[in-house]
Amino acid sequence: MMIITIDGPIATGKSSLAKKLAAEIGYIYFDTGAMYRCVAYGVQKKKVNIDDPAALAAFLKDFHFDIKVKRGERFYFVDGEDVTLKIRGPEVTSAVPKVSALPGVREKLVALQREWAVGVNAVFEGRDMGTVVFPEAQVKVFLSGRPEVRAARRLAELKAKFPEECANLTIEKLLEEINARDEYDSRREISPLKQADDALVIDTSDLTIDEIILKILEYKDTIKTRLKH
């Protein structure tokens, strides 16, 4: 069994890349960012005070989400509600950094992620997959990209999914948010965003998804050959 981890900051193409890579090589794909978004959505819906340890613990004890695959697409459900689109919206996006940094939240989701990885070939994408969740993963990839390129990608994505809510959104605003998120994720005390020492680093700014996948597959074959000897 092989675990491939793909880490990197927001808007480097992690989700699109991991999903396509997994499909091409027949692995299971896990979007861990969506999992944290589900928790953030639940926190907002239940109006949980995340600064109150007891309230947060009570919420996490009963909280659960489901992932269903339909026609190759993943759909996320919180308490039976399809939140696939809602968790990608601006409101949840703004809450995710703080919610995902909470020790209780990370402990719950890391345990789930490790449980799902047992006995399977899988691609896990996130921010701490190769450093914290699966430090022994055979293939680790870290994606980077120029902030202005990432902002343009994010703008196109948000305007396509939420045309009304994001009608007045500007690339300057997104660039500011991306830089702030990078700073926050890199400096947070628990599971900060950082490159694993043994990761393959790829700047996605000027590459297509297929070009990136080719680099990863070549690297994967090298690792497999090395493991045989």
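Residues numbered from 1 in each chain as written. Predicted model: local features only at pLDDT ≥ 70, side-chain atom pairs only at ≥ 80, totals over all residues. Heavy atoms only, no water.

1. Some details on the sheet that holds strand β4 (residues 73-78)
Line of reasoning, step 1. Overall, antiparallel pairing links the 3 strands, which are arranged β3-β4-β5 in an open sheet. Because the sheet does not close on itself, it has two edges, and the strands there are β3 (65-70) and β5 (81-82).
Line of reasoning, step 2. Bridge count between β4 and β5: 2 bridges; the pairing is antiparallel. Directly across from F77, in β5, lies its bridge partner D82. (Pairing = 2+ DSSP bridges. Helix = DSSP H or I, 4+ residues; strand = E, 2+ residues; numbered from the N terminus.)

2. Some thoughts on helix α2 (residues 32-46)
Since the α-helix packs 3.6 residues into each turn, any two residues three or four apart lie on the same face.
Line of reasoning, step 1. Given a rise of 1.5 Å per residue, 15 residues ought to cover 21 Å, and the 21 Å separating the end C-alpha atoms of α2 matches this to within 8%.
Line of reasoning, step 2. Judged by how many residues are buried, α2 sits mostly within the fold: 11 of 15 residues are covered.
Line of reasoning, step 3. What α2 keeps buried is the set T32, A34, M35, Y36, R37, C38, V39, A40, Y41, G42 and V43.
Line of reasoning, step 4. Positive phi appears at K47, one or two residues downstream of α2, with a value of about 55 degrees. (Expected span 1.5 Å × (residues − 1). Buried < 20%, exposed > 50% of the residue type's maximum accessible area, 1.4 Å probe, protein only.)

3. Things to note about the packing of aromatic side chains
Line of reasoning, step 1. If you walk through the whole model with that rule in mind, you get 6 aromatic pairs.
Line of reasoning, step 2. Seen in terms of ring centroids, F124 and F134 are 4.6 Å apart; in terms of plane orientation they differ by 50 degrees. Their pairing is tilted. Of this pair, F124 sits in strand β6 (residues 122-126) while F134 sits in the loop between α6 (129-133) and β7 (139-144), and the two are 10 residues apart along the sequence.
Line of reasoning, step 3. Ring pairing ties together the aromatic residues F30, F59, F63, F65, W116, F124 and F134, which thus form one cluster.
Line of reasoning, step 4. Sitting over the face of the ring of F77, K68 holds its NZ or CZ atom 4.6 Å from the ring centroid.
Line of reasoning, step 5. The side chain of K70 reaches across the aromatic face of F75, ending 5.5 Å from its centre. (Phe/Tyr/Trp six-rings, centres within 6.5 Å; stacked < 30°, edge-to-face > 60°. Lys NZ or Arg CZ within 6 Å of the ring centre and 35° of its normal.)

4. Some words on the packing of helix α7 (residues 147-161) against helix α8 (residues 171-187)
Line of reasoning, step 1. For the pair α7 and α8, interaxial distance at closest approach is 9 Å and the crossing angle is 115 degrees. For the crossing formed where α7 meets α8, the hand is right-handed. Between α7 and α8, the residues in contact are P147, E148, R150, A151, A152, R154, L155 and L158 and I171, L174, L175, I178, N179 and D182, respectively.
Line of reasoning, step 2. When its residues are assigned to classes, the contact of α7 with α8 shows 9 nonpolar, 1 polar and 4 charged. (Axes fitted to C-alpha atoms, helices over the stretch in contact; angles between N-to-C directions. Left-handed = near helix turned anticlockwise from the far one by under 90°. Contact = heavy atoms within 4.5 Å. Nonpolar A, V, L, I, M, F, W, Y, C, P; charged D, E, K, R; others polar.)

5. Notes on the nonpolar core
Line of reasoning, step 1. Judged by nonpolar contacts, the single largest core of 37 residues is most densely connected at C38, V39, F59, I87, V105, F124 and F134.
Line of reasoning, step 2. Considering each element in turn, this core owes the most residues, 8 residues, to α2.
Line of reasoning, step 3. Discounting chain neighbours no more than four positions away, the residues touching F124 are I3, I4, T5, I6, F30, T32, Q113, A117, M129 and F134.
Line of reasoning, step 4. Judged by nonpolar contacts, the second largest core, of 19 residues, contains L17, Y27, V139 and I223. (Core = buried A, V, L, I, M, F, W, Y, C linked by side-chain atoms within 4.5 Å.)

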